[in-house]
Amino acid sequence: MSDAPQLLSGDEAIALAALHAGVRLGTGYPGTPSTEILETFDRLGGRAQWSPNEKVALEVGLGAAFGGARTLVTMKHVGVNVAADPLFTAAYTDLAAGLVLVSADDPGMASSQNEQDNRHYARAASVPMLEPMDSQEAYDFTLLAFELSERWHLPVLLRVTTRVCHAKTIVWPQNGFAAGSPVAPEPGFKRDIPARVMIPAYAKPAHRRLRQKLAEIAAWNNAEGPNRVFAGGPQLGLIATGIAAMHAREAAPEASLLTIGLTYPLPLETIRAFAQGCERLLVLEEGDPVLLDAVRAAGIPAEGKPEQYRFGELNVARVRRILAGDQSAEPVPPKGKPPELCQGCSHRGVFEVLRDLNCIVAGDIGCYTLGVLPPFQAMDTCVCMGASIGVGLGLRHVLPEEEARRVVSVIGDSTFVHSGITGLAEMVYNPPATGHVVMILDNGTTAMTGQQEHPGTGRTLSHDPTGRIHFEDLARAMGVQNVHLVDSQAPEGTLAALLKDLLARSETSLVVTRQPCVLAAPKIRFYEKAAADRSATAPAPVVDD
Amino acid sequence: MSKVHNVVIAGLGGQGVIKASDILADAAFRAGYDVKKSELHGMSQRGGSVSSDVRFGPQVWSPMVPTGEADVLVVLEETQVEVNRAVLGPDGVLISPDLLDAEALKNKKSLNVTLLGALSAQLPIAQEHWLAAIHANLAPKLHKLNEQSFSLGRAAAAARETPAA
């Protein structure tokens, strides 16, 4: 493969580095701004899979790493909440091969429900974290993450943000590790019960081992970590991480700048030495004052940013304001045209019905969240993936009967597989007195993130046929009392009449509305035709006589 | 080569804003510049406002064009001009469909590349790099149409700069 420079997004750079690192399996769940990592890895020839959700993705990745295969697991920031359970204990285990978990954060919430700062996870889970500031570092740090993961046998977090994931910058690939770096292990099972079975007897020493590993990594970070100093004058010293380092370099080229690549565990001695040469020291970071608090806790006096800059992304103008201590109101950019449900989108008709029936709608995460905007305004709650069903049930349990009977949970097909199935179990197990109605708006794709496959489509990440979960069969098997399908051919008024009937009953109901996403439909037809053509030309099975 | 060139391309989801910025960034990359390009994805394909920043020069730091520092603002949809005007610097140039005659506007699907043609008159990037970037970023069956659109846009910009006597 060529080592010529390429113009790559951070996501593409991570995928290329994973390929060069010999990653045998990539797993994840789609989510902006992380989605393109696995799609690119697949396109480059790597083996990549969408899992039903981030928890499963990390568990599959963990099994692969126990089995001696380098593994990449990708998700957006809120996905790490879902994967947090395996993550915290995976940190106690000893891996047989490198495992890198990419957390793609979205400060400013370009396409997310919150702007949580996942740097907190490194400290909370006791897992090293690397934070690249451009695509070159995204590439380099992915390789480095595998090295660190294998040297200390623990998962490594690679935290990127929207402006690293989606910005394109020039990358000089080195196609593999530098000389002297670890060779990719061959998969194979080696029993190591105390390192992998986290019962208290083994977890207690494992916790101590983990803290010892972190102490060693901190020493390595001080001695030779991926931290850079841009020399400048002594008047102003800046410490920055991620994309903030780029804004800092542009806003204050005269300042001395220390950029920190391995942000947990921190190179506190490196920071202390840098601070001693500066008359004024300021920490520049997007989001929460994570770095600032750690620097101050180490007894290094530093300034941070005023509270107003905790919110949203940083940029060069905001960094200039921070340096000037400017706490005046910032100019508000003119409002653009908001996104809306596409013309011809199958969700439109559903939200018209929900609006006209005056339903109380517990909503969920996906394109259909746009049902909250005019002309529908037919959504009353939206919190996290899968929450529609639990929240709908909670409302049903406590509201007066007249209101309870108006409550409907609305969830998309991919979101249902992600974390709606347990909600359905709750509905069957703890049904409200008025029953409940759950709607799956099945448009045959993970639409909002760019039309990815999921277990309900029956196609893999690469769009090849595979096993498929049938929602109606699943709901019947789970014991939901009424299961209905309303497809695109149903006459007008069908859905409204059905909902009215179900809302009046005190039973548990699932309604699947099925019509392909208008943007995805041509591609879905193409994938189906390709699969049909392939099976038609496949050689006849050999039969022994 | 000492200056960083700042270009912002804006429009609505589905108009090819990001494709246009991919082509510009690739052309600048082929011309030997340091390049950075950045935008927000996600909600954009639902028809909302989209804008993409492209910066190139000897060395580029931040991938975002600071407000008031764009050399050129390319807008694919007239309603999006006012929304984005603040990015332009005091001597900044606005390029919008307004610049084009009916003939150049005929193919809506290649409006993004037509306006890149107009943009090309403002930037120190040789034509060969533009064409190579168009080829690298579009399917082969679209090459001819987009080459024509690019030329139309370039000619429209030239005509505006030197009006007939």
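Reading the values: rules and limits
Throughout this description, residue numbers start from 1 for each chain and increase along the sequence as written. Lettering of chains starts at A and numbering of ligands starts at 1, both following the order in which they are written. Residues qualify for local features only when their pLDDT is at least 70, as the model is predicted, and side-chain atom pairs are given and counted only at 80 or more; totals for whole chains, interfaces and linings, by contrast, use all residues. Here the side-chain values reflect all heavy atoms present in the structure, with hydrogen atoms and water set aside. A run of H or I in DSSP becomes a helix once it reaches four residues, and a run of E becomes a strand once it reaches two; helices and strands are each numbered from the N terminus. Note that the radius of gyration is over C-alpha atoms, with the globule rule given as 2.2 Å times the number of residues to the power 0.38. Each residue is placed in one exposure class: buried if its accessible area under a 1.4 Å probe, protein chains only, is under 20% of its type's maximum, exposed if it is over 50%, and partly exposed if it falls in between. We call two residues contacting when some pair of their heavy atoms lies within 4.5 Å. For accessible areas, the Shrake-Rupley method is used with a probe of radius 1.4 Å. Any residue's cover is judged against the shown protein chains and nothing else. Charge convention: Lys and Arg are scored as positive, Asp and Glu as negative, and His as well as the terminal groups of each chain are ignored. Charged groups are reduced to one reference atom each: NZ for lysine, CZ for arginine, CG for aspartic acid, CD for glutamic acid. DSSP-based pairing: two strands are paired if at least 2 bridges between them are found. Fitting a line to C-alpha atoms yields each axis, with helices limited to the stretch in contact; the angle taken between N-to-C directions then spans 0 to 180 degrees. Between 30 and 60 degrees the pair is tilted, below 30 it is stacked and above 60 it is edge-to-face, where a pair is any two Phe, Tyr or Trp rings, Trp via its six-membered ring, whose centres lie within 6.5 Å. The rule for a salt bridge is simple: a side-chain nitrogen of Lys or Arg has to be within 4 Å of a carboxyl oxygen of Asp or Glu. Here, the term nonpolar core denotes a set of buried Ala, Val, Leu, Ile, Met, Phe, Trp, Tyr and Cys residues that are joined through side-chain atoms within 4.5 Å. Two parts placed together each lose some accessible area under a 1.4 Å probe, and adding up what both lose gives the buried area. For this analysis, a polar contact is any N or O atom pair within 3.5 Å, provided that within protein one partner can donate a hydrogen and the other can accept it, and provided that sequence-adjacent residues contribute only side-chain to side-chain pairs. Amino acids are sorted into nonpolar (Ala, Val, Leu, Ile, Met, Phe, Trp, Tyr, Cys and Pro), charged (Asp, Glu, Lys and Arg) and polar (every other residue, Gly among them).

Which residues make up the overall build of chain B, and what are the values?
From N to C terminus, chain B includes five helices and five strands. Secondary structure elements in chain B, listed N-terminal to C-terminal, are β-α-β-β-β-α-β-α-α-α. Its C-alpha radius of gyration of 15 Å places chain B within 12% of the 15 Å reference for a compact globule of 165 residues. Taking the principal axes of the C-alpha coordinates as reference, chain B spans close to 40 × 40 × 35 Å. Residue burial in chain B is summarised as follows: out of 165 residues, 54% are buried. Here the analysis covers contacts within chain B between residues at least 6 apart in sequence; of these, 61% occur between residues at least 24 apart. Accessible area for chain B stands at about 7,000 Å²; split by element, carbon and sulfur atoms hold 54% of it. Across chain B, the 15 positively charged side chains and the 17 negatively charged ones have centroids separated by 7 Å.

Can you explain the sheet that holds strand β10 (residues 233-240) of chain A? Please cite residues and give values.
Think of a sheet as strands paired side by side through backbone hydrogen bonds, with each pair either parallel or antiparallel. Residue and element names in this part refer to chain A. Spatial strand order, β9-β11-β10-β13: four strands in an open sheet with mixed pairing. Edge positions in the sheet fall to β9 (228-230) and β13 (280-284), since each has one partner strand and no second. Neighbour to neighbour, the strand axes of the sheet diverge by 20° on average, direction disregarded. In the sheet, β10 pairs with strand β11 (residues 255-259) via five bridges, with the strands oriented parallel. Within β11, the position partnered with Gly237 by the bridge is Ser256.

Summarise the packing of aromatic side chains; cite the residues concerned and give the values.
All names here are of chain A. Applying the stated rule across the entire model yields seven aromatic pairs over all chains. Here Phe416 and Phe471 contribute two aromatic rings whose centre-to-centre distance is 5.3 Å and whose plane-to-plane angle is 75°, an arrangement assigned as edge-to-face. Of this pair, Phe416 sits in helix α17 (residues 413-419) while Phe471 is found in helix α19 (residues 471-478), placing the two residues 55 residues apart along the sequence. Consider the rings of Phe526 and Tyr527, whose centres lie 6.1 Å apart with planes at 70°: the pair is edge-to-face. The class of Phe526 is exposed, set by a relative accessible area of 59%. Tyr527 sits in the buried class, given a relative accessible area of 17%.

Outline the pattern of salt bridges, supporting the account with residue identities and numerical values.
Where charged atoms from two side chains of opposite charge come close, those side chains can pair. Residue and element names in this part refer to chain A. Counted according to the given criterion, the structure contains 37 salt bridges over all chains. Between Arg24 and Glu186 there is a salt bridge, and its shortest N-O distance comes to 3.1 Å. Taken together, the positions of Arg24 in the loop between α1 (10-20) and β2 (25-28) and Glu186 in the loop between β8 (168-171) and α8 (193-196) put the pair 162 residues apart, joining distant regions of the chain. Look at Arg24 and you get partly exposed, because its relative accessible area is 36%.

So, the environment of Leu25 of chain A: which residues are in play, and what are the values?
All names here are of chain A. Mapped onto the elements, Leu25 comes out in strand β2. Relative accessible area serves as the criterion here: at 9%, Leu25 is assigned to the buried category. In the structure, Leu25 is positioned 22 residues away from Arg47 in sequence and 5.2 Å away in space, judged by C-alpha atoms. When neighbours within four sequence positions are excluded, Leu25 is seen to be in contact with Arg47, Gln49, Val60, Ala64, Arg70, Thr71 and Leu72.

Tell me about the environment of Asn112 of chain B, residues and numbers included.
Residue and element names in this part refer to chain B. Tracing the chain through its elements places Asn112 in helix α3 (residues 111-120). According to the relative accessible area criterion, Asn112 is buried, its value standing at 6%. Linking Asn112 and Leu94, residues 18 residues apart in sequence, is a C-alpha distance of 14 Å.

So what's going on with the nonpolar core? Which residues, and what values?
Residue and element names in this part refer to chain A. Membership of the largest hydrophobic core comes to 87 residues, with the highest contact counts inside it found for Ile14, Leu72, Leu130, Leu148, Leu238 and Leu284. Broken down by element, this core gets its largest block of residues, nine residues, from helix α6 (residues 135-152). Within the second largest apolar cluster, 47 residues are counted, among which are Leu341, Leu354, Cys367 and Ala520.

Please give an account of the interface of chain B and chain A that cites residues and values.
The interface is formed by 31 residues belonging to chain B together with 40 residues belonging to chain A. Here chain B meets chain A over a buried area of about 3,000 Å², counting both sides, of which 63% is carbon and sulfur. Taken together, chain B and chain A are joined by three salt bridges. For the salt bridge of Lys168 of chain A with Asp22 of chain B, the shortest nitrogen-to-oxygen distance reads 3.0 Å. Summed over the shared surface of chain B and chain A, the result is eight residue pairs in polar contact (both at pLDDT 80 or more). Elements supplying a minimum of two residues to the side of chain B that touches chain A: α1 (17-30), β2 (34-39), β3 (49-57) and α2 (81-84) of chain B. In terms of residue count, β2 of chain B provides more of the side of chain B that touches chain A than any other element does, six residues in total. The residue inventory of the side of chain B that touches chain A, partitioned by class, reads twelve nonpolar, nine polar and ten charged. In terms of strand pairing, β8 of chain A meets β2 of chain B through two bridges, oriented antiparallel. Note on β2 of chain B: the bridge partner recorded for Thr169 of chain A is Lys36 of chain B.

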